[in-house]
Amino acid sequence: MNSLSDVLLYGILDFGYVTPVESASMTRRMLEGGVGILQLRAKKLSPSAIGDIAKEILPICRSFGVPLILNDYPELVPLTGADGVHVGQDDLPVSQVREIVGPDAIIGLSTHCLDQALAAEQAGPDYLGFGPLFATPTKPDYVPVGLGAVREIHRQVKLPVFCIGGIKRENISTVLEAGARRVVIVSGILQAPDAADYCRKCLANLG
């Protein structure tokens, strides 16, 4: 399975852009394109429905050696066999999430400023998300944090940091110039005419 430290492109299967019936086909296209971690994010679906989708796409992720991360719902990790969970600042603390998902599961934590990132590292997640760097329809209520703190976070935080929020192929170079090493892309991939090709082109820029 992919090591977090080796992953450059993190994809999110977000049901704001795709339908549940497209789950398997979009998962396969994203992984064929080189997405190294896949998160399942379905804010409007029930935990039961999310669990069913996770079980459907987990074998695809396994075949590519790509970890499957669930957004929220740590209790679904042991029930579905998913590889981990991603939580936010307002969710359960990482210590409690760890008790639910177990010692070997991956825990990701969202952060929105340098202070949060430094505090988060002490809490013990396996990786951090940092953003949103730019305005994004995925998180319309979030104020963009901009690029200013990206380099400092990478200098001070030892965990893998995945920058997120409004990142697309067109602005990856700007994000990398600001000091980023890894990115999360959502709408750019999911709305592309050819998701696999889009991922490959993003990775070419990242590499």
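Scroll up for the structure.
Attention here is on the structure that accompanies the text. Computed from a predicted structure; not experimentally measured.

**Describing helix α9 (residues 195-206)**
Item 1. Along its 12 residues, α9 runs 16 Å from first to last C-alpha, staying within 8% of the 16 Å computed at 1.5 Å per residue.
Item 2. Against β1 (9-14), α1 (23-32), α7 (172-177), β8 (182-185) and α8 (187-190) lie the buried residues of α9.
Item 3. Between the side-chain oxygen at the start of α9 and the backbone nitrogen of Ala-196 there is a gap of 3.2 Å, and the oxygen is on Asp-194.

**Brief notes about the packing of α1 against α9**
Working note: a packed helix pair is described by the angle between its axes plus the distance between those axes.
Item 1. Contact pair α1 / α9: the axes reach a minimum separation of 7 Å and the direction vectors enclose 30°. Relative to α9, α1 is oriented roughly parallel. Seen from above, α1 lies across α9 with right-handed handedness. The residues of α9 that touch α1, namely those facing Met-26, Arg-29, Met-30 and Glu-32, are Ala-195, Ala-196, Cys-199 and Arg-200.
Item 2. Taken together, the residues of the contact of α1 with α9 sort by class into 5 nonpolar, no polar and 3 charged.

**Let's talk about the sheet that holds strand β5 (residues 106-111)**
Item 1. Ordered in space as β1-β2-β3-β4-β5-β6-β7-β8, the 8 strands form a closed barrel in which the pairing is parallel. The average angle at which neighbouring strand axes cross in this sheet is 25°, direction not considered.
Item 2. Where strand β7 (residues 161-163) meets β8, 2 bridges bridge the pair, whose relative direction is parallel. Bridging from a neighbouring strand, Cys-163 pairs with Val-183 of β8.
Item 3. Set on the sheet, α9 makes contact with β1 and β8; between it and β1 the angle comes to about 150°.

**A look at the pattern of salt bridges**
Item 1. Applying the stated rule across the entire model yields 6 salt bridges.
Item 2. Between Arg-98 and Asp-126 there is a salt bridge, with the nearest N and O atoms lying 3.0 Å from each other. With Arg-98 in helix α4 (residues 94-101) and Asp-126 in the loop between α5 (114-123) and β6 (127-130), this residue pair connects regions lying 28 residues apart in the sequence.
Item 3. Relative accessible area serves as the criterion here: at 21%, Arg-98 is assigned to the partly exposed category.

Reading the values: the criteria
- Residues numbered from 1 in each chain as written.
- Predicted model: local features only at pLDDT ≥ 70, side-chain atom pairs only at ≥ 80, totals over all residues.
- Heavy atoms only, no water.
- Helix = DSSP H or I, 4+ residues; strand = E, 2+ residues; numbered from the N terminus.
- Expected span 1.5 Å × (residues − 1).
- Contact = heavy atoms within 4.5 Å.
- Polar contact = N/O pair within 3.5 Å; in protein donor to acceptor, adjacent residues only side chain to side chain.
- Axes fitted to C-alpha atoms, helices over the stretch in contact; angles between N-to-C directions.
- Parallel < 35°, antiparallel > 145°, perpendicular 65-115°, else oblique.
- Left-handed = near helix turned anticlockwise from the far one by under 90°.
- Nonpolar A, V, L, I, M, F, W, Y, C, P; charged D, E, K, R; others polar.
- Pairing = 2+ DSSP bridges.
- Salt bridge = Lys/Arg side-chain N within 4 Å of Asp/Glu carboxyl O.
- Buried < 20%, exposed > 50% of the residue type's maximum accessible area, 1.4 Å probe, protein only.

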